[in-house]
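Spelled out from the first residue to the last, the chains are:
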Amino acid sequence: MRWFLLGSIGFCQQFLSMGARFQLSHAQLCSPTDRASNLVSFDRTQKSSLAAFFSWGWTSYFATGVEIGYGGAGQALYGIGINGDPYTARINLHYLRIGIGVQPQYAKERWGFWGSFSPSLAFLTQAELIYQGDSLPRGNLVAPQIIQYVVEYLNQSTDPNDRLVLLQMYRRSVPVLHIAGGMRVRLAPQVWLLGLLSYERSFGDIEQKGFRLKGEENYLYSPQRRPVQYRLLGLQLGIQYEVNLTEN
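Note that the structure is a prediction, hence the values are computed from the model and not measured.

Asker: Outline the overall build of the protein, listing residues and values.
Answerer: Of the regular secondary structure elements, the protein holds four helices and nine strands. With the C-alpha coordinates of the protein rotated into their principal frame, the extents come out at 75 × 40 × 30 Å. Put simply, the protein has 248 residues, and 44% of those count as buried. Surface accessibility of the protein: about 13200 Å² in total, with carbon and sulfur atoms responsible for 61%. Taken as two groups, the 22 positive and 17 negative side-chain charges of the protein have centres that lie 7 Å from each other.

Asker: Hey, could you go over the layout of surface pockets for me, with residue numbers and the actual values?
Answerer: Estimated volume of the second largest pocket: approximately 170 Å³. In this structure, the second largest pocket is lined by Arg138, Gly139, Asn140, Ile146, Tyr149, Leu213, Glu216, Asn218, Tyr219 and Leu220. Split into classes, the residues belonging to the lining of the second largest pocket amount to five nonpolar, three polar and two charged.

Asker: Talk me through empty space enclosed by the protein; I want residue IDs and the actual numbers.
Answerer: Scanning the model with the defined rule gives three cavities of 30 Å³ or more in all. Lining of the largest cavity is provided by 18 residues; of these, Ser49, Tyr70, Gly71, Arg97 and Glu200 occupy positions nearest its centre. Of all the secondary structure elements, the ones that give two or more residues to the lining of the largest cavity are strand E1 (15-30), strand E3 (46-59), strand E4 (62-80), strand E5 (86-108) and strand E9 (229-244). Split by residue class, the lining of the largest cavity holds eight nonpolar, seven polar and three charged. What the second largest cavity holds in volume is close to 70 Å³. Surrounding the second largest cavity, 13 residues form its lining, Leu29, Asp34, Ile91, Ala143 and Arg225 being those nearest its centre.

Asker: With reference to specific residues and values, describe the nonpolar core.
Answerer: If you look at the biggest cluster of nonpolar residues, it comprises 39 residues, and the most contacted ones within it are Tyr95, Leu129, Val150, Met169, Tyr170 and Tyr230. At the level of elements, E1, E4, E5, strand E6 (111-133), helix H3 (143-156), helix H4 (165-168), strand E7 (173-188) and E9 are the ones that each hand at least two residues to this core. For this core, the leading source of residues is H3, giving seven residues. Core analysis: the next-biggest nonpolar cluster, separate from the first, contains five residues, Phe53, Ala180, Leu194 and Leu196 among them.

Asker: Explain the packing of aromatic side chains to me, using residue names and the numbers behind them.
Answerer: Overall, the coordinates contain six aromatic pairs when judged by the stated rule. Measuring from centroid to centroid gives 6.1 Å for Tyr106 and Trp111, while their planes differ by 65°, and the two rings are edge-to-face. Residue Tyr106 is classed as partly exposed on the basis of its relative accessible area of 34%. Assessed through its relative accessible area of 41%, Trp111 is described here as partly exposed. Over the aromatic face of Phe42 sits the side chain of Arg35, whose NZ or CZ is 4.0 Å from the ring centroid. It is Arg201 that lies over the ring of Phe203; its NZ or CZ is 4.5 Å from the centre.

Quick notes on the rules
- Residues numbered from 1 in each chain as written.
- Predicted model: local features only at pLDDT ≥ 70, side-chain atom pairs only at ≥ 80, totals over all residues.
- Heavy atoms only, no water.
- Helix = DSSP H or I, 4+ residues; strand = E, 2+ residues; numbered from the N terminus.
- Buried < 20%, exposed > 50% of the residue type's maximum accessible area, 1.4 Å probe, protein only.
- Areas by Shrake-Rupley, 256 points an atom, 1.4 Å probe, with all protein chains shown as cover.
- Lys, Arg positive; Asp, Glu negative; His and termini not counted.
- Charge placed at Lys NZ, Arg CZ, Asp CG, Glu CD.
- 1 Å grid on protein atoms, 1.4 Å probe; cavity = no way out; pocket = protein on both sides within 12 Å on 5 of 7 lines; lining within 4 Å.
- Points joined across faces, edges and corners; volume = space filled by probe spheres on them.
- Nonpolar A, V, L, I, M, F, W, Y, C, P; charged D, E, K, R; others polar.
- Core = buried A, V, L, I, M, F, W, Y, C linked by side-chain atoms within 4.5 Å.
- Phe/Tyr/Trp six-rings, centres within 6.5 Å; stacked < 30°, edge-to-face > 60°.
- Lys NZ or Arg CZ within 6 Å of the ring centre and 35° of its normal.

Distances and angles like these do not, on their own, reveal function.
Put into structure tokens, the structure is as follows:
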């Protein structure tokens, strides 16, 4: 019975598809608390990423499979400090994204459409905080104050394990939705060039609101700080290789 089911599944498949996409995107950390503060302004932030996919085509117009991506999210911030001089701050986050890919497609001679709808989990692999310029009032409500405090804490620390703070202050995994779609152009009988628009966003809160620095009684984040998500709006360029499993 098991071999019959496996054979039936294989018989239903129309094609196998695999490929990779490079993405250049506008990144944004969406924080209602930061946007309501007069201490914070937001600078344009660009990030790059890569995504690979492998999928099984059940009809000539529809495939499902897996997607694996690696790339960045974050935000550049600036403003005026307590002495009237400017400051700049930056959050750089890197995520490994693993998800299910649902891929509609269409082909007509040398051109067509290709899309991907991918519910995923994103796993934090690296975090970096940068702060330069004038100081801000002491506090832990808005992102630049938190960045300034953590950078000062790490500069004074002699414990190498404190470098893990940068990972511990953010959630290690968050649910994500990645959507991409656009044109594809045939380069060879089984090879397509992809040109896509993409959108990716996280759900829940990427910040670990219950985190405390070593030796501190208070949480790193203010109780009034609202949840933060990341969003990416980008352009993708990729290659798709398609193998037909049925005779035309």
